Amino acid sequence: MQRKMILTASLAALLGAATLAQAADDRLATERLDEVLAQAGNFGFQTFDEIEVKRADRVEVEGWLDDQWQAEVSFDLASGESLKEERRKRDGGAWGLSEAEVRDAMALAVAEGLVAFEELQVDRDGRVDIEGYDADGRELEVKSRDGEVLEVEHD
């Protein structure tokens, strides 16, 4: 009987790990943010509106190259290539977060328990919304503005 319970528990743990590993394709460890920012910086991004993980090594970055050109670029982190690029000329000037502000917002989220992220979004008012997962694999969303945490949600 005890052996059967151990086998059942082991099978459940294996299935859980497989599901978590499969789901991990759309998230990136917070430590890899440096890779994303380095590639985006090399491409010419000055400010960031959104960083979204598409697959384990594929990330889409939206932001501004200067005061007139907004861009959306998909990067392959493994190869360093930009895979898809779209640029739009816009009036009204650039907005979003600098590289340092992105790092600060992520540090706030990490302090709240974030270990892997799916998406970082910034609105025109400077509110940052980071979605990802904690160490237990639970969904976590951290909202901040001006270096202060506004809200933390666990799902």
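These numbers come from a predicted model, not from an experiment. Along each chain, residues carry numbers from 1 onward, in the same order as the chain's sequence is written. In keeping with the model being predicted, local features are shown solely for residues with a pLDDT of at least 70 and side-chain atom pairs are shown and tallied solely at 80 or more, while totals for entire chains, interfaces and linings include all residues. With hydrogens and water set aside, each side-chain value is computed from the structure's full complement of heavy atoms.

Q: Could you give an account of the nonpolar core, naming the residues involved and the relevant values?
A: The tendency in soluble globular proteins is for nonpolar side chains to be buried side by side. We call a set of buried residues a nonpolar core when its members are Ala, Val, Leu, Ile, Met, Phe, Trp, Tyr or Cys and they connect through side-chain atoms within 4.5 Å of each other. Exposure categories follow from relative accessible area, calculated using a 1.4 Å probe and restricted to protein chains: below 20% of the type maximum is buried, above 50% is exposed, and the middle band is partly exposed. Ranked by size, the top nonpolar core spans 29 residues in total, and within it Phe45, Ile51, Val61, Phe117 and Ile130 carry the most contacts. A helix here means a DSSP run of H or I that spans at least four residues, while a strand means a run of E at least two residues long, and both kinds are numbered starting from the N terminus. When contributions to this core are tallied by element, the ones reaching two or more residues are helix H2 (33–43), strand E2 (47–55), strand E3 (58–64), strand E4 (69–76), helix H3 (99–111), strand E6 (116–122), strand E7 (127–133) and strand E8 (139–145). We call two residues in contact when some of their heavy atoms are within 4.5 Å. Setting aside residues no more than four positions away along its own chain, Ile130 makes contact with Ala105, Met106, Ala109, Leu114, Phe117, Glu119, Leu120, Leu140, Glu141 and Val142.

Q: Explain H2 to me, using residue names and the numbers behind them.
A: All of the buried residues in H2 are Leu33, Val36, Leu37, Gln39 and Ala40. Looking straight down H2, one finds its buried side chains confined to an arc of 165 degrees; they lie on one side. Tucked into the core, H2 has its buried residues touching strand E1 (28–29), E2, E3, E4, H3 and E6. Directions are taken from the helix axis to each C-beta atom, and the arc is the one they span.

Q: Give me the side chain of Glu62: which residues, what numbers.
A: Tracing the backbone shows Glu62 in strand E3. Counting rule applied: Lys, Arg positive; Asp, Glu negative; His and chain ends not counted. By salt bridge we mean one thing: a side-chain nitrogen of Lys or Arg within 4 Å of a carboxyl oxygen of Asp or Glu. Buried Glu62, no salt bridge; nearest opposite-charge side chain is Arg88, N-O distance 4.7 Å. Apart from the residues within four sequence positions on either side, Glu62 is in contact with Phe45, Thr47, Phe48, Asp49, Glu50, Ala71 and Glu72.

Q: I'd like a rundown of the layout of surface pockets, residues and numbers included.
A: Computed from the structure, the largest pocket encloses a volume of approximately 170 Å³. Lining the largest pocket are 13 residues, with Leu97, Glu101, Val128, Asp146 and Gly147 positioned closest to its centre. Of all the elements, H3 adds the most residues to the lining of the largest pocket, at 4 residues. Throughout, the ten residues Ala, Val, Leu, Ile, Met, Phe, Trp, Tyr, Cys and Pro are labelled nonpolar, Asp, Glu, Lys and Arg are labelled charged, and all others, Gly among them, are labelled polar. Across the lining of the largest pocket, the residue classes tally to 4 nonpolar, 4 polar and 5 charged. Grid spacing is 1 Å over the protein atoms alone, the probe is 1.4 Å, and a cavity is where that probe fits but cannot get out, while a pocket is an open set with protein on both sides within 12 Å along at least five of seven lines and lining residues have an atom within 4 Å of a point. Grid points are joined across faces, edges and corners, and a volume is the space filled by probe spheres set on the points.

Q: Lay out the confidence of the model for the protein chain with the relevant residues and their values.
A: Each residue carries a pLDDT score, the predictor's own confidence in it, on a scale running from 0 to 100. On average, residues of the protein chain score 87 in pLDDT, and 85% of them are at 70 or above. Of the regions scoring below 50 in pLDDT, residues 3–23 engages in 2 contacts with residues more than four places distant in sequence or in other chains.

Q: Before we move on, can you summarise the environment of Glu101 with the specific residues and values?
A: Following the sequence through the fold, Glu101 ends up in helix H3. Here Glu101 falls in the partly exposed class, since its relative accessible area comes to 40%. A distance of 2.8 Å separates a polar side-chain atom of Glu101 from the backbone nitrogen of Ser98. Polar contact is defined as a pair of N or O atoms within 3.5 Å, subject to the rule that within protein one atom must be able to donate a hydrogen and the other to accept it, and that residues adjacent in sequence are counted only when both atoms are side-chain atoms.

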